[in-house]
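Fold and contact review
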Amino acid sequence: MLELSSLKRMVETSADLTQEAREASERDRDYYDGFQWTPEEVATLQRRKQPVITINRIKRKVDAMVGIEQRGRTDPRAMPRNHGDEEAADLATKALVFVEETERVDVKRSGAFENLIVEGYGGVEVCAEPRRGQMEPCVKRLRWEEIFFDPHS
């Protein structure tokens, strides 16, 4: 078991070594959101009395890719490992469909996919948490800013 201090050090190291990439990710989100001009460029255009016009082709392209991801989805399906496991696979499929519907996995997946395209980081966490007196599956979308990894891997 790792100690809390070791875990903190790992997170801090990851944040330090990926700082430049994270700044680029923030810039990329700004570009997607339509903030594509630097203050100096805006000042130059205003001095020339030119309008600051942004034709955001980035947002259009990202939204198209998210649409392709959504259209290409398939329903979850468990396959039997051995002959005679068809009934167990059917039950597993029903459980997967139940979790997908109750946890709105499709919405979370699309959000994570958009983060992956724009910022370069995205994901969901599949976990179990206590609800109504029992453990139930849950799917949580992770904020791209909170994802860390080993930058040497």
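Criteria and thresholds
Residues numbered from 1 in each chain as written. Predicted model: local features only at pLDDT ≥ 70, side-chain atom pairs only at ≥ 80, totals over all residues. Heavy atoms only, no water. Pairing = 2+ DSSP bridges. Helix = DSSP H or I, 4+ residues; strand = E, 2+ residues; numbered from the N terminus. Phe/Tyr/Trp six-rings, centres within 6.5 Å; stacked < 30°, edge-to-face > 60°. Buried < 20%, exposed > 50% of the residue type's maximum accessible area, 1.4 Å probe, protein only. Polar contact = N/O pair within 3.5 Å; in protein donor to acceptor, adjacent residues only side chain to side chain. Contact = heavy atoms within 4.5 Å. Salt bridge = Lys/Arg side-chain N within 4 Å of Asp/Glu carboxyl O.

Another point: the pairing of strand 1 (residues 123-131). Examined bridge by bridge, strand 1 and strand 2 (residues 134-142) share nine bridges and lie antiparallel to one another. Paired with glutamate 129 across the strands is glutamate 136, a residue of strand 2. A loop of two residues connects strand 1 with strand 2, the two strands running antiparallel in sequence, and arginine 132 in this loop sits at a positive phi of about 50 degrees.

Counted according to the given criterion, the structure contains two aromatic pairs. On the basis of an interplanar angle of 10 degrees and a centroid distance of 6.2 Å, the ring pair of tyrosine 121 and tryptophan 144 is categorised as stacked. Separated by 23 residues along the polypeptide, tyrosine 121 in the loop between helix 6 (105-118) and strand 1 and tryptophan 144 in the segment after strand 2 bring together distant segments of the chain. The pair tyrosine 121 / tryptophan 144 is uniform in exposure class, with both members buried. Ring geometry for tyrosine 121 against phenylalanine 149: centres 5.6 Å apart, planes inclined by 35 degrees, an arrangement best described as tilted. Of this pair, tyrosine 121 sits in the loop between helix 6 and strand 1 while phenylalanine 149 sits in the segment after strand 2; the two residues are 28 residues apart in sequence, bridging distant segments of the chain. Given a relative accessible area of 11%, tyrosine 121 falls into the buried group. Ring pairing ties together the aromatic residues Tyr121, Trp144 and Phe149, which thus form one cluster.

With respect to the helices and strands, glutamine 50 occurs in the loop between helix 3 (39-47) and helix 4 (57-71). Residues glutamine 50 and valine 126, spaced 76 residues apart in sequence, show a C-alpha to C-alpha distance of 50 Å.

For the rest of this paragraph, the subject is the side chain of threonine 93. By secondary structure assignment, the location of threonine 93 is in helix 5 (residues 86-102). Within the structure, the side chain of threonine 93 is placed 2.8 Å from the backbone nitrogen of alanine 78, a separation counted as a polar contact. Apart from the residues within four sequence positions on either side, threonine 93 is in contact with Pro76, Arg77 and Ala78.

Here we take up the side chain of serine 25. Relative to the assigned elements, serine 25 resides in helix 2 (residues 19-32). Judged by relative accessible area, serine 25 falls into the buried class, the value being 2%. Those residues in contact with serine 25, other than ones at most four positions away along the chain, are Glu119, Tyr121 and Trp144.

Moving on to the pattern of salt bridges. The tally for this structure, following the rule as stated, stands at 16 salt bridges. The partner of arginine 27 in a salt bridge is aspartate 28, and the shortest N-O contact between them spans 2.6 Å. Of the residues examined, aspartate 28 reaches a relative accessible area of 23% and is grouped as partly exposed. A salt bridge links lysine 59 to aspartate 63; the shortest N-O distance between them is 3.6 Å. Of the two residues, lysine 59 and aspartate 63 both sit in helix 4, four residues apart, roughly one turn of that helix. Relative accessible area serves as the criterion here: at 34%, lysine 59 is assigned to the partly exposed category. Overlapping salt bridges, with partners in common, bring together Glu103, Lys108, Glu129, Arg131 and Lys140 in one network.

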